[in-house]
Amino acid sequence: MNREQFLKQLGMVAVATCAGCGMYACSSETEPAPANADFTLDLTESANAALNNVGGSVTKNGIIVARFSTTEFVAVSVACTHQGTPVTYRNAQKDFYCSNHGSRFSTAGAVIEGPANRPLKQYNTELTGNQLRVFS
Ligand code: FES
């Protein structure tokens, strides 16, 4: 490889690197928590089967719903308030966790550990038979 070929390849790497930066910036923007919510999860449907077990969770419409105990559910916005990565529910810790940079949130959505510094939005839940309503 001569000097000219080397510089051309270097230029392609720089362009590819910059394009990657741009894509990362777009994907890291914080998604807003849904301002209003009102939907029902049918716990007899296979898509919602995880909610039949304590510690299970389902994400729908930008909201993660988790079964906290045999009788209690919690629902919060799924997008981490740091950079928008979806959080997961951890029943052993009773928290919502963001694997991207390690933020932790309480079941009420409050920040336990940063770098996130804003809470997740909490939603109401109401179980009637096998129908779990999630609403603001
Ligand atoms: S995106 Fe969640 S901690 Fe950074």
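As a reminder, the structure under discussion sits directly above these lines.
Fair warning: this is a prediction, and the values are worked out from it, not measured in the lab.

1. Quick notes on the packing of aromatic side chains
Evaluation of the coordinates by the stated rule reveals one aromatic pair. Over the face of the ring belonging to Tyr97 we find Arg90, whose NZ or CZ atom lies 4.1 Å from the ring centre. Above the ring of Phe68, the side-chain terminus of Lys94 is found at 5.3 Å from the ring centroid.

2. Description of the environment of Leu120
Mapped onto the elements, Leu120 comes out in the loop between strand E8 (111-113) and strand E9 (122-128). Accessibility expressed as a relative area gives 3% for Leu120, which makes it buried. Among all residues touching Leu120, those that are not within four sequence positions of it are Val76, Ser77, Ala79, Cys80, Thr81, Val87, Phe96, Phe105, Ala108 and Gly109.

3. Looking at the pattern of salt bridges
All told, the structure shown has four salt bridges when counted by the stated rule. In this structure, Asp95 and Arg90 form a salt bridge, with 2.8 Å as the shortest nitrogen-oxygen distance. Judged by its relative accessible area of 0%, Asp95 falls in the buried class. Judged by relative accessible area, Arg90 falls into the partly exposed class, the value being 22%. Where Arg104 meets Glu113, a salt bridge forms, and the shortest distance between an N and an O atom there is 3.3 Å. With relative accessibility at 23%, the residue Arg104 sits in the partly exposed group. For Glu113, a relative accessible area of 40% puts it in the partly exposed group. Each member of the salt-bridge network shares a partner with another, and the members are Arg90, Asp95, Arg104 and Glu113.

Conventions used here
- In every chain, residue numbers begin from 1 and rise along the written sequence.
- Confidence filtering applies because this is a predicted model: local features only for residues at pLDDT of at least 70, side-chain atom pairs given and counted only at 80 or more, and all residues used for totals across whole chains, interfaces and linings.
- Side-chain numbers here rest on the full set of heavy atoms in the structure, without hydrogens or water.
- Each pair of aromatic rings taken from Phe, Tyr and Trp, with Trp reduced to its six-membered ring, is defined by centres within 6.5 Å and is described as stacked if the planes are under 30 degrees apart, edge-to-face if over 60, and tilted in the remaining cases.
- A ring has a charge above it when a Lys NZ or an Arg CZ is no more than 6 Å from the ring centre and no more than 35 degrees off the ring normal.
- Under the scheme used here, helices are H or I runs from DSSP no shorter than 4 residues and strands are E runs no shorter than 2 residues, and both carry numbers assigned from the N terminus.
- Each residue gets one of three labels from its accessible area relative to the maximum for its type: buried under 20%, exposed over 50%, partly exposed in between, using a 1.4 Å probe on protein chains only.
- We call two residues in contact when some of their heavy atoms are within 4.5 Å.
- In what follows, salt bridge is the name for a side-chain nitrogen of Lys or Arg lying within 4 Å of a carboxyl oxygen of Asp or Glu.

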